[in-house]
Amino acid sequence: LYLEVEIRPHRHFTADGKDIQLRLPISPWEAALGATIPVPTLGGAVNRKIPAGSQTGKRMRLKGRGLPGDPPGDELVMLEIVVPPAKTEEARRVFEHMADKLHFNPRAELGV
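Predicted model, so just to flag it, every value in this text is computed and none were measured. (Residues numbered from 1 in each chain as written. Predicted model: local features only at pLDDT ≥ 70, side-chain atom pairs only at ≥ 80, totals over all residues. Heavy atoms only, no water.)

K.L.:
Help me out: how do you make sense of the environment of K58 in this one?
P.N.:
Take K58: it is sitting in the loop between β4 (46-50) and β5 (59-62). Residue K58 is classed as partly exposed on the basis of its relative accessible area of 33%. Taking the C-alpha atoms as reference points, K58 and G44, separated by 14 residues in sequence, lie 22 Å from one another. In contact with K58, not counting residues within four places along its chain, are P51, V77, M78 and L79. (Helix = DSSP H or I, 4+ residues; strand = E, 2+ residues; numbered from the N terminus. Buried < 20%, exposed > 50% of the residue type's maximum accessible area, 1.4 Å probe, protein only. Contact = heavy atoms within 4.5 Å.)

K.L.:
Quick question: what am I supposed to make of the side chain of S54 here?
P.N.:
Residue placement: S54 occurs in the loop between β4 and β5. Note on S54: relative accessible area 5%, which makes it buried. Within the structure, the side chain of S54 is placed 2.6 Å from the backbone oxygen of P51, a separation counted as a polar contact. Sequence-distant contacts of S54, that is, excluding residues within four places in its chain, are made with A31, L79 and I81. (Polar contact = N/O pair within 3.5 Å; in protein donor to acceptor, adjacent residues only side chain to side chain.)

Read these as layout, nothing more, since geometry by itself doesn't imply function.
As structure tokens, this is what we get:
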């Protein structure tokens, strides 16, 4: 008996063998300061600590939270920092204050 199983695409999760992958949006302050946030899994949300200083592309593994099996797969979470829009005057002032105080050049390693 051969059984062929086809997994339909999901809005948030993608399958890679028994592992599940998720791109997790986080705020800039969660990335910079660190935070404990809920992370969706196939079995329901779990709280996960985001280390201070995290960057977009950082990968975290939730062992055993992938597809069931013996052994079960893992959930691989990739962080994605999402910048809030500066739609209000107050939000613009916050970004201007950060630009003035932080003196941060994300392209410094490129020599520009």
